[in-house]
Amino acid sequence: MRFTLNLATRVYVNFQKVNLVILLASVFVAGWISFSIYSVTSNMTELRKFSQNREKLASKSGKDEVSGSDYTKMLAEVKSVNAFLTRRSVNWLALFDHLEILVPDGVALRGLEPERKGEILKISGTARTFASIRKFMENLEGSKKFSEIFLTEHTSITVGKSQKGINFSVSCKASI
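Presented here is an overview of the structure given in this document.

Right, let's get into the pairing of strand 2 (residues 120–127). Among the 8 residues that make up strand 2, 6 are buried, leaving the element largely enclosed by the rest of the structure. Of the pairings in the sheet, the one linking strand 1 (residues 107–115) to strand 2 comprises 8 bridges and is antiparallel in character. By the bridge assignment, L112 is partnered in strand 2 with I123. Bridge analysis of strand 2 against strand 4 (residues 163–174) gives 8 bridges, and the strand direction is antiparallel. If you follow L121 over to strand 4, its bridge partner there is C172.

Here's what the structure looks like:
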């Protein structure tokens, strides 16, 4: 065995790696501390704004009342939105599917118009013959989805020199 080796004179620790680890740890801690300081200050700012708004609301409670004109404007807006929602309350896809089954050959529908909160449906179309219109009305009457069916209008039309047809309108209640 050789006892000439002196362990006290050799460096066994890589100080470059130790310094790098210390530097990275200090950068991480500094970033974490600055993020924490930023979070605390932004939260304090938000709390201050919240307390100011709360104080404003507390001081205004009971003082401001809605004027009559503002109230009527708001009611008009609510009425228009309700009318829009009522028009949207008809399940159009189910109605179209059901009408597709009921419309016979020789009849072409031109328009569907809901009236009075979607209760009454006005159907307008064109037919080759009056028998086709009668068949369409019978199909509507036989359906459970339609009631109170009335032929409200019909007029003869001529397309070109030889083609003739009938424009018609039907009013009914749809429960779709």
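With that settled, the discussion passes to the pattern of salt bridges. Using the criterion set out here, one finds 1 salt bridge in the structure. Salt-bridge contacts for E148 lead to K173; the nearest nitrogen and oxygen are separated by 3.6 Å. Of this pair, E148 sits in strand 3 (residues 146–159) while K173 sits in strand 4, placing them 25 residues apart in sequence. Residue E148 is classed as partly exposed on the basis of its relative accessible area, which comes to 48%. Overall, the relative accessible area of 28% leaves K173 in the partly exposed class.

A separate point is the environment of G111. Tracing the chain through its elements places G111 in strand 1. Measuring from C-alpha to C-alpha, the distance between G111 and S169 comes to 9.1 Å, with 58 residues separating the pair along the chain. Look past the residues within four positions of G111 in its chain and what remains in contact with it is K122, I123 and S124.

We now examine the nonpolar core. With 17 residues, the main nonpolar core has I123, F136, L140, F146, I149, F168 and V170 as its most contacted residues. Contributing elements (two or more residues each) for this core: helix 3 (92–102), strand 2, helix 4 (130–142), strand 3 and strand 4. The contacts of I149, once residues within four sequence positions are left out, are M137, L140, E141, V170, S171 and C172.

Rules used throughout
For every chain, the first residue of the written sequence is number 1, and numbering continues from 1 onward in sequence order. The predicted nature of this model means local features are confined to residues of pLDDT at least 70 and side-chain atom pairs, given and counted, to a pLDDT of 80 or more, with totals for whole chains, interfaces and linings taken over all residues. Only hydrogens and water are removed before side-chain values are computed, so all heavy atoms of the structure are retained for them. Each residue gets one of three labels from its accessible area relative to the maximum for its type: buried under 20%, exposed over 50%, partly exposed in between, using a 1.4 Å probe on protein chains only. Here a helix means four or more residues in a row that DSSP labels H or I, a strand means two or more in a row labelled E, and each is numbered from the N terminus. Two strands qualify as a pair provided DSSP detects at least 2 bridges between them. A side-chain nitrogen of Lys or Arg and a carboxyl oxygen of Asp or Glu constitute a salt bridge if their distance falls within 4 Å. When checking whether two residues touch, look at their non-hydrogen atoms; a contact exists if any pair is within 4.5 Å. Residues grouped as a nonpolar core are buried Ala, Val, Leu, Ile, Met, Phe, Trp, Tyr and Cys residues, joined through side-chain atoms within 4.5 Å.

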